[in-house]
Amino acid sequence: MHIEIINQVFDPYARLQDYQSTLSTAARQFGASNVFVGTMRDFNQGDQVQHMTLEHYPGMTEKELERIASEARQQWHILDGLILHRVGMIAPADSIVLVAIWSLHRLDAFEACRYIMEALKSRAPFWKKETLATGERWVDKNTAGFK
Amino acid sequence: MRISMMIQVRFFASLREQIGVADKQLGVSGEMTVAQVWQQATGLSDIPANVLMAVNMNYVDADQPVAEGDEVAFFPPVTGG
């Protein structure tokens, strides 16, 4: 599993293809892969957002993501995984996060990817600050991922 | 107060802006919990209910004791992803 914090614009699909081409012989036995990509919107809580700054806690972010990945490995059969997350100045339509899981079967791929994404949203120390025409504001909490 | 250990205190995001400082070295005496570190570092009383705490980059509760050289961090709810 590869985990990386990225400080510049990235193409999640190019990174996905690159990473998949480097999978080990064992991981190439995958029958299912599930991918989540989160993208910046230009609209939030009724306001136009010009751009966003993503701050994180270097060191703890990686540690917490490692912990989340390890919890997922204990619950599902995972052949390999990729977790990428942007920090710094982000423009609308930029990719923010990629979580990809390769498994033998779809159940593990779907559920492990979902688990990692939801845990990242509630535990990984990242914070978003939005820039609007009228000034800046911190996003105060993430919305719930489960109905 | 006899200072017996030094700890590093860090604040992030909106909390850093409210407190007005990112990092602080704190000399503390004897046994201390994260809640007491908060009080000494900020001059405020209780830790607000939505503030998250970590010691050495692991989430903890406010009653967690701290030790020499620990890094204690306080931050608002996380909003990544």
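Rules behind the numbers
Residues numbered from 1 in each chain as written. Chains lettered and ligands numbered in written order. Predicted model: local features only at pLDDT ≥ 70, side-chain atom pairs only at ≥ 80, totals over all residues. Contact = placed C-beta atoms within 7 Å. Helix = DSSP H or I, 4+ residues; strand = E, 2+ residues; numbered from the N terminus. Nonpolar A, V, L, I, M, F, W, Y, C, P; charged D, E, K, R; others polar. Pairing = 2+ DSSP bridges. Axes fitted to C-alpha atoms, helices over the stretch in contact; angles between N-to-C directions.

Contact residues are listed per partner, giving 24 residues for chain A and 13 residues for chain B. Contributions of two or more residues to the side of chain A that touches chain B are made by α2 (60-75), β8 (95-103), α3 (106-123) and β9 (126-132) of chain A. If you tally residues by element for the side of chain A that touches chain B, the top one is α3 of chain A, at five residues. Partitioning the side of chain A that touches chain B into residue classes produces 12 nonpolar, five polar and seven charged.

On to the sheet that holds strand β4 (residues 58-59) of chain B. Residues and elements named next belong to chain B. Within the open sheet, the five strands sit side by side as β2-β1-β5-β3-β4. Their pairing is mixed. The open sheet terminates on both sides in strands that have one partner only, identified here as β2 (23-28) and β4. Pairing analysis gives six bridges linking strand β1 (residues 5-11) to β2, with the strands arranged antiparallel. By the bridge assignment for β2, valine 9 is matched with lysine 24. Sheet contacts for helix α2 (residues 34-42): β1, β2, β3 (52-55) and β5 (71-75); angle to β2, the most-contacted strand, approximately 110°.

Before going further, it helps to spend a moment on the sheet that holds β8 of chain A. Residues and elements named next belong to chain A. Here we have four strands laid out as an open sheet, ordered β1-β6-β8-β2, and mixed in their pairing. If you trace the sheet from one side to the other, it starts and ends with β1 (2-6) and β2 (32-39), each paired once. Put simply, the sheet's adjacent strands are angled 5° from each other on average, direction ignored. Two elements, β1 and strand β6 (residues 80-86), share five bridges in a ladder whose sense is parallel. Residue pairing in the sheet places histidine 2 in a bridge with leucine 82 of β6. Its contacts with the sheet place helix α1 (residues 12-21) against β1, β2, β6 and β8, and it is angled at close to 30° to β8.

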